[in-house]
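Working through the structure, step by step
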Amino acid sequence: MILFKNATVYAPEKLGKRDVLVVNGRVAALEENLTVSLPGLEVIDADGLILTPGLIDQHIHVTGGGGEGGPVSRVPEVSFSSLVSSGTTTVVGVSGTDSVTRSIHALLAKVRALQEEGISGWMYTSNYALPPSLLSGSVRDDLFLVPEVLGVKIAHADHRSSFPSADEMLRILSDVRVGGMIAGKIGVLHVHMGNLPDGFAIFNEIADRGMPVKHIRPSHCARDKDLFEQALAFVRRGGIIDITSGGTCFSSPAEVINQLAEEKADMSKVTMSTDGGGSIPRFDDKGDMIGLGTGSPAANLALIRELVCAKGFALERILPMVTSNVAVNLGLHGKGALAAGADADICCFTKDLELRHVMAKGKLLMRDAALKAKGMFEE
């Protein structure tokens, strides 16, 4: 039992000064001037601090990405402490180019390990390829049998993709949609977008043929200017897009978010994710890799800080893209918002958005900017 006193709360909407009582892993009360007398209650003075929901990273390579440059280029797994230090209390793990040495079973094992270490985790089955790499015999079985599976990931408009036709994509979307219905999930097709021409044309064709756009979830949607313009049009027809905060953008990620706001896009249809742990290869005009970087799990927090502290955005306009928008659009119940009964996933920041405290599932993982919990093999 923990009571945060006198915090400025963003739930993610701005509520002002509130006290937040956490009991048994959930928010028990969120009120002004709470008077609580409970045996063993710990009180944290949060006066002068900003209290928000924990951040959700819906596209992160928790098992590590890479491999485009051979075995030596395989990116290490994302550590538990790197997530906590970034304010991330929920992840959705993805696999990438390497479907040979980075199995989907390993991804599930890593997601479950992170859950056991103290945060919440889900995943997409498969990686870049079609037919999809699955945990079971079918997409529908994966969605129904594995609680962590929210949908399927593939790549499109990328030289590493399987170049699916509209009919092939419709078939897998049908499995995702029906599997989601049976499992009580939304069911999504999470699509890694490359920068080959007319990437969104296939989504528009599929939507025109009757598939609800809510199941189609393109990521890396600002990779180049043309792709971004297509993504903006997709939002205007009700689609949901994801912007990579880690820098896979034609401009800076902050400028991309600013342009979306200027275009008066429906920002409830926009999410941000880090691509943390993923490789960021650079290819020449012959398709040969000439360089390799990696995505940082801290990219969401860094972009929030830039948008609010440097660009002047109100925090309540930016927070939903890594909290409530993600939770609502993926059906992550109890996540992404602070209210009585919600999961106690909490970040406390200074006014300059420096992390002070992090709580996940009601347990303090960071206190006074010092980690209180680390992963199994972290010193």
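From a predicted model like this one, the values you see are computed outputs, not experimental measurements. (Residues numbered from 1 in each chain as written. Predicted model: local features only at pLDDT ≥ 70, side-chain atom pairs only at ≥ 80, totals over all residues. Heavy atoms only, no water.)

**Some words on the side chain of Asp275**
The residue Asp275 is located in the loop between β13 (270-273) and β14 (279-283) in this model. Side-chain polar atoms of Asp275 contact the side chain of His61, separated by 3.1 Å. Residue contacts for Asp275: discarding those within four places in its chain leaves His59, His61, His220, Thr244, Thr248 and Gly295. (Helix = DSSP H or I, 4+ residues; strand = E, 2+ residues; numbered from the N terminus. Polar contact = N/O pair within 3.5 Å; in protein donor to acceptor, adjacent residues only side chain to side chain. Contact = heavy atoms within 4.5 Å.)

**A few points about helix α7 (residues 253-262)**
With seven of its 10 residues buried, α7 lies for the most part within the structure. Within α7, burial applies to Pro253, Ala254, Val256, Ile257, Gln259, Leu260 and Ala261. Turning to α7, the residues buried within the fold contact α6 (225-236), β12 (241-244), β13, α8 (299-310) and α9 (315-318). Phi turns positive, to about 55°, at Lys264, one or two residues after α7. (Buried < 20%, exposed > 50% of the residue type's maximum accessible area, 1.4 Å probe, protein only.)

**Some points on the side chain of Thr274**
Residue position: Thr274 is located in the loop between β13 and β14. A polar contact is formed between the side chain of Thr274 and the side chain of Asp57, at a distance of 2.5 Å. There is a polar contact of 2.8 Å between the side chain of Thr274 and the backbone nitrogen of Gly276. The contacts of Thr274, once residues within four sequence positions are left out, are Asp57, His59, Ile60, Thr244, Ser245, Gly246, Ser296, Pro297, Ala299 and Asn300.

**Some words on the pairing of strand β7 (residues 88-93)**
Counting buried residues along β7, six of its six residues qualify, which places the element largely inside the surrounding structure. The pairing of strand β6 (residues 55-60) with β7 spans four bridges and is classified as parallel. The residue bridging Leu55 from the neighbouring strand is Thr88, located in β7. Pairing between β7 and strand β8 (residues 120-125): four bridges, direction parallel. Each bridged residue has a counterpart across the sheet, and for Gly93 the counterpart in β8 is Met123. (Pairing = 2+ DSSP bridges.)

**Focus: the packing of α6 against α7**
Two quantities define a packed helix pair, namely the angle between the axes and the distance from one axis to the other. Interhelical geometry of α6 versus α7 gives an angle of 40° and a closest axis separation of 12 Å. The way α6 lies across α7 gives a crossing that is right-handed. When α6 is examined against α7, the residues Lys225, Phe228, Glu229 and Leu232 are found in contact with a partner set consisting of Val256, Gln259 and Leu260. Here the contact of α6 with α7 is built from residues that sort into four nonpolar, one polar and two charged. (Axes fitted to C-alpha atoms, helices over the stretch in contact; angles between N-to-C directions. Left-handed = near helix turned anticlockwise from the far one by under 90°. Nonpolar A, V, L, I, M, F, W, Y, C, P; charged D, E, K, R; others polar.)

**Focus: the environment of Val146**
Tracing the chain through its elements places Val146 in the loop between α3 (139-145) and β9 (149-156). Once the C-alpha coordinates of Val146 and Trp122 are considered, the two residues, 24 residues apart in sequence, prove to be 9.8 Å apart. When near neighbours in sequence (up to four residues on either side) are disregarded, Val146 contacts Leu108, Arg112, Leu135, Asp141 and Lys185.

**Regarding unusual backbone geometry**
In terms of backbone geometry, most residues other than glycine have negative phi values and most peptide bonds are trans. Residue Pro12 follows Ala11 across a cis peptide bond; omega there is 15°. For the bond from Leu130 to Pro131, the omega torsion is -5°, close enough to zero to count as cis. Of note in this structure, Ala157 is not a glycine but carries a positive phi near 55°. Here Ala157 is to be found in the loop between β9 and α4 (166-183).

**Overview of the pattern of salt bridges**
Throughout the structure, instances matching the rule amount to 21 salt bridges. Among the ionic pairs, Arg160 bridges to Asp158, the shortest N-O distance being 3.0 Å. Residue classification places Asp158 among the buried residues on the basis of a relative accessible area of 4%. Here Lys335 ties to Asp345 by a salt bridge, and the two come within 2.8 Å at their closest N and O atoms. Of this pair, Lys335 sits in the loop between α10 (324-330) and β16 (346-349) while Asp345 sits in the loop between α10 and β16, and the two are 10 residues apart along the sequence. (Salt bridge = Lys/Arg side-chain N within 4 Å of Asp/Glu carboxyl O.)

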